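Residues per chain, in single letters:
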Amino acid sequence: MHSPAVARRAPEITSRLPGAIDRFAGRLTNRLIRATPWQVMQVQTRTPIVSFTFDDVPDSALRVGAAILEARGVRGTFYISGGLAGRVEPDRTLIDAAGCRELAARGHEIGCHTFGHQDIRHVDRPAFVADLARNARYLDTIDRRPGRRNFAYPYNSGCLGKLQILAHSYRTCRAGGEAINRGPTDPSFLKAVEIRQPETHVAGLTRWIDAVVEKPGWLIFFTHDIAPTPTPYGSTPAAFERLVAHAVERGCCVLTVDAALDRMGLRGSTR
Ligand SMILES: [Zn+2]
């Protein structure tokens, strides 16, 4: 979700509000999108469903995160930005095409996270369409699929003027929002709960699993690295393992985003 250096490099940035004002504008935009859903699908399930998703994706999410899921016989969704492939940052290294191929071969879902990983509010429409096409070409060389992919917003930042493009191009689009998807749900702005530091926060996230068991719905988690010394946007292996174990042991159906939609008989966005 982070890596702002990519956004700084990009020539298409159309808004240059000061940071704090821009973040406020972003939160306001997300609220507006929630208040005026582009489309509505009904999330109804008797069995609680949990999806574990990863953004960007750091190599520890492949080496450690995917392995933790696989040890429990479940799989995750990995939202990839082609523009971050193989990128080395001070505190993490992003997977390249070979890493993505490995995830797909091991049964995980590969989703789209844009190519350039910019806040999409700051990209004009033609550049945005070109960016999505570029990532589709990148992902198609890794994991060609007949249907639409699922998408996650960089920085969980929505944009009213781009919902139509996204709804047309993707089965679902995942944002943040710290909530469970239940009942009427906008497929273009799925809600998700962040797994992030500190460790006490990660440990407390079992309450979300208890809540979705109590009143079934679709709980989507998102995170980044799974490392002994995680970034603020990740988790330690032990804490992540406890969360996955809790979901499985409490009888949740742990599924990729695509498989969760199939299980509920949902098409996603209707274009
Ligand atoms: Zn991201």
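Our structure is the block above this text.
These figures come from a predicted structure and were not determined experimentally.

Caption draft 1: Looking closely at the packing of helix 4 (residues 97–105) against helix 5 (residues 125–142). Running from N to C, helix 4 and helix 5 cross one another at 60°; their axes reach a closest spacing of 9 Å. By the angle between their directions, the pair helix 4 and helix 5 is classed as oblique. You can see that helix 4 and helix 5 cross each other, and the crossing is right-handed. Contacts from A97, C100 and R101 of helix 4 reach helix 5 at Y138, T141 and I142.

Caption draft 2: Here's a closer look at the packing of helix 3 (residues 59–71) against helix 9 (residues 237–249). In contact at an axis separation of 10 Å, helix 3 and helix 9 are set at 30° when each is read in the N-to-C sense. By the angle between their directions, the pair helix 3 and helix 9 is classed as roughly parallel. Note on packing geometry: the crossing formed by helix 3 with helix 9 is right-handed. Each of V64, G65, I68 and L69 in helix 3 lies in contact with helix 9, whose residues at this interface are P237, F240, E241 and V244. Across the contact of helix 3 with helix 9, the residue classes tally to six nonpolar, one polar and one charged.

The rules we used
Residues numbered from 1 in each chain as written. Predicted model: local features only at pLDDT ≥ 70, side-chain atom pairs only at ≥ 80, totals over all residues. Heavy atoms only, no water. Axes fitted to C-alpha atoms, helices over the stretch in contact; angles between N-to-C directions. Helix = DSSP H or I, 4+ residues; strand = E, 2+ residues; numbered from the N terminus. Parallel < 35°, antiparallel > 145°, perpendicular 65-115°, else oblique. Left-handed = near helix turned anticlockwise from the far one by under 90°. Contact = heavy atoms within 4.5 Å. Nonpolar A, V, L, I, M, F, W, Y, C, P; charged D, E, K, R; others polar.

Scope: geometric values only; no functional claims are made or implied.
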